[in-house]
Amino acid sequence: MDSGGKSGDEKKQERKEREGNVAMSASEDVAVRLIQVAKSYGDVEVLQSFDLQVREGEFVVLLGPSGCGKSTILKLIAGLEEASYGEIHVAGELVNYVRPRDRNVAMVFQNYALYPHMSVRDNISFPLKMTRRPRIKRSAIDERTAEAAAIVNLTEFLDRKPGQLSGGQRQRVALARAIIRQPEVFLMDEPLSNLDALLRADMRASLLEVHARIQKATLYVTHDQIEAMTMADRVVVIKQGRTQQIGTPQELYTTPANTFVAQFIGSPKMAMHKTSVDGDGTVKFAGLSLKLNTDIKPEPKAAVTVGVRPSSLKIAAEPDRQACFAGTVERRDYVGSDSYLEVQLATGLHIVARTAADSWFAVGDIVHIAAEPGAFHLFDEVGNRLCGASMVMSDR
Amino acid sequence: MKLRRVAPTNSGLRKPRAAIALAYAVLLVGVAVALVPFLYVLSTALKETTSLFSYPPDWIPSPVYWGNFESLLADHPFVRWTFNTLFVAGAVTALKLWFDSMAGYALAKMEFTGKRGVALLFLLSVAIPISALIIPLFFVIRYLGLLNTYWALILPPLANPLGIFMARSFIVSIPDDLEASARLDGASEFTIYRKIVLPLIRPGLVVLGMFTFMLQYTSLIWPLIAVQDSKRQVLAVGISGLQSAFLQDWGLLSAGMLLAAIPITVIFLVVQRAFVVNDLSGALKE
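Keep in mind that what you see is a predicted model, and the values were worked out from it rather than measured. Along each chain, the written sequence defines residue order, and numbers are assigned to residues from 1. The naming scheme follows written order: chains are lettered A onward, ligands numbered 1 onward. Local features in a predicted model are, by the rule used here, given only for residues with pLDDT of at least 70; side-chain atom pairs are given and counted only at 80 or more, and totals for whole chains, interfaces and linings are based on all residues.

Peer 1: Describe the overall build of chain B, with residues and values.
Peer 2: Secondary structure is summarised from DSSP: a helix means a run of H or I of at least four residues, a strand means a run of E of at least two, and numbering begins at the N terminus for each. Helix and strand counts for chain B come out as 13 helices and zero strands. Start at the N end of chain B and walk to the C end: the helices and strands fall as α-α-α-α-α-α-α-α-α-α-α-α-α. In this description the radius of gyration comes from C-alpha coordinates, and the expected globular size is given by 2.2 Å times residues to the power 0.38. For 286 residues, the compact-globule estimate of 2.2 N^0.38 gives 19 Å, and the C-alpha radius of gyration of chain B, at 26 Å, exceeds that figure by more than 25%. Judged by the C-alpha coordinates and their principal axes, chain B covers about 95 × 70 × 30 Å. Partly exposed residues are those whose C-beta has more than 12 but fewer than 20 other C-beta atoms within 10 Å; with 20 or more the residue is buried, with 12 or fewer it is exposed, and the C-beta atoms are placed from the backbone. For chain B, the proportion of its 286 residues judged to be buried stands at 29%.

Dropping the structure here:
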């Protein structure tokens, strides 16, 4: 995905193609469209030529490590930051020079950003009270406040101050304040990051319920892959201000675009092993040949990386027909539903494989590992995906 | 086995008696230092000036003499001075809180060209002593034709930038997300200032207000120069004028000081309830 090092002509060509794509899809129901948006603070580029389209009603998660620029994207769409380059469209309208309040977007902040001196009722109704031309009638404000509070189950807390609420309730106030505006687009900046695990799971369900009910485009920022995988229609993986991959959670998991996505998605992360293509064009992993799932023929002697997820490997005590490699258990991590074994293969390579939680394997045991068909992922020298691969059993 | 009952002790926590006694002694000295001058003024105000210098001094006046207060209220425009002082100090405080909080908001939360330069200029002007400014200030006020008016007393203190820095420091502590959220909710810059920022820095503004009011209430040098008209004079100037080169009426002076202390004490007692810690709880995640 990295386009660094391209010539000026190539970049121009790429831009034309991209604009062409955007123009072609302009007729669709697109709630948010970002075209080559860039943002820099002085010499520091936090976002580089970022493109994205979010359809109406779609739940898109921006996923990436801290400081990758994902929150900046929300601020740019909201108008809280000005883009250094590129176009931002909301509901078909170019909004680069439109004031935040006129962009028809609502944001739930990483910190809830509730007004501590106002009651829950006043917090929720604040956006309506601020609406001018036309001014909203008091009775209508009361009605909509009650509606928004009901959606997030806050009706009985309307007269409390934020300081008297629990974390989850505060989060719901912030959500109600966003809902009441009836915006085209919801922007959510890590809204669940400080809640405890149990509450977070509950709030995830509540958020999805609210989303299903109001059916508005939502851009949700998180660094938590579980949140991304469980909530998103599509996930955008970002690293250092650049898109790494856009796809459904399943696409990201099964066909990661590069080594970064491959390792960022999935827990425990995908094991990676650097190797090179043999003279005959085959790729070896732990001394065994891999059968590539495509017709791609890697250049002989090219450096490649082979990845395999722990969940794609099975462990058996005795060698069977499917077992590929044998190794010694070096560590055992019990996580409740499963156990993960770190196994050192005969070639010295370490891989992690999943096994049943109640399996009796212990450190020092010799185990046999089998790989599912297509368990292996092949990446080129710079880390971009080449194809999936399976183990060739006849080589054993 | 018989269990032995152990008496609960907290000897590890209890301070030795001597330390407590010492602490009380130090506190008593502090109280005496603060109270004795006040009691002396009270005693002097309730005595005839002639009996002031008796030895040993009579701390408790007997009989109580009210003549000083009568003379102060009947022979001097004391009520007028009090009104002038309250009016000027009130006006300065209100205007300063308004301007300082707006300027503080701009310095704390807005980005504009020359922001650092403006802040630096304000900071430099804090360092200039008032005595160095009095003569140029007098000429400016005279040029504007404002001598002997309330404006002469109200306008110059407004230019003191110390309050701006205090207001700025209160406002900086308000999380940026609150304003960002209000901005998205449709609030204008002024609405953010008025509806979000002002309520949140209220305790700080109360402190700044009290500070400004006290400073104005006791201000002597500038009012002495700017206003000669007895009808526009403030308490500090009026009371200081009660003494002359030939006659020191200590009883009258003390009565003036005592009466002058009443309004500010009442105001302080009323306002002190607002001296509470800025409560941002619930605004953000904890």
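Here the narrative resumes, following the displayed structure.
Peer 1: Can you tell me about helix α1 (residues 17-45) of chain B, naming the residues and giving the values?
Peer 2: Helical geometry note: an α-helix holds 3.6 residues per turn, so side chains three or four residues apart project in the same direction. All names here are of chain B. To estimate the expected span of a helix, count its residues, drop one, and scale the result by 1.5 Å. Look at α1: 41 Å from first C-alpha to last across 29 residues, which is about the 42 Å you get at 1.5 Å a residue. Maximum bend of α1: about 35°, positioned at Leu 35, with proline Pro 37 one to four residues after it. Burial of α1 is sparse: only two of the 29 residues sit out of reach of the surface. Bending is quantified residue by residue as the angle between axes fitted to the seven-residue window ending at that residue and the seven-residue window starting at it.

Peer 1: Any chance you could break down the packing of α1(B) against helix α13 (residues 250-271) of chain B for me, citing the residues and the numbers?
Peer 2: Residues and elements named next belong to chain B. Angles here are taken between N-to-C directions and fall from 0 to 180 degrees, while the axes themselves are lines fitted to C-alpha atoms, restricted in helices to the stretch in contact. Contact geometry for α1 and α13: axes closest at 7 Å, N-to-C directions at 120°. If you check the angle between α1 and α13, you find them oblique. The element α1 and its partner α13 pack so that their crossing is left-handed. Contact with α1, carried on its side by Val 41, Leu 42, Thr 44 and Ala 45, involves Trp 250, Gly 251, Ser 254, Ala 255, Met 257 and Leu 258 of α13 and no other residues of that element. Under the scheme applied, nonpolar residues are Ala, Val, Leu, Ile, Met, Phe, Trp, Tyr, Cys and Pro; charged residues are Asp, Glu, Lys and Arg; polar residues are all the others, including Gly. Residue composition of the contact of α1 with α13, grouped by class: seven nonpolar, three polar and no charged. Angles are sorted into four bins: roughly parallel if under 35 degrees, roughly antiparallel if over 145, roughly perpendicular if 65 to 115, and oblique for all others. In a left-handed crossing the near helix is turned counterclockwise from the far helix by less than a right angle, and in a right-handed crossing that turn is clockwise. What counts as a contact is two residues whose backbone-derived C-beta atoms lie within 7 Å of each other.

Peer 1: I'd like a rundown of the pairing of strand β14 (residues 303-308) of chain A, residues and numbers included.
Peer 2: Residue and element names in this part refer to chain A. Of all six residues making up β14, five are buried, and the element is well covered by its neighbours. At least two DSSP bridges between two strands are needed for those strands to be called paired. With six bridges connecting them, strand β11 (residues 271-276) and β14 associate as antiparallel partners. Its bridge partner lying in β14, Thr 275 is registered against Val 304. Inspection of the sheet shows β14 paired to strand β20 (residues 376-379) by four bridges, in the antiparallel sense.

Peer 1: Can you tell me about the interface of chain A and chain B, naming the residues and giving the values?
Peer 2: Across the contact, 25 residues belong to chain A and 21 residues belong to chain B. Contributions of two or more residues to the side of chain A that touches chain B are made by β6 (105-108), α3 (120-129) and α5 (167-179) of chain A. Taken together, the residues of the side of chain A that touches chain B sort by class into 16 nonpolar, six polar and three charged.

Peer 1: Could you give me a rundown of helix α4 (residues 115-126) of chain B, with the residues and numbers involved?
Peer 2: Over its twelve residues, α4(B) runs 17 Å from end to end, which matches the ideal 16 Å to within 8%, given 1.5 Å per residue. Counting buried residues along α4(B), only zero of its twelve residues qualify, which leaves the element largely exposed.

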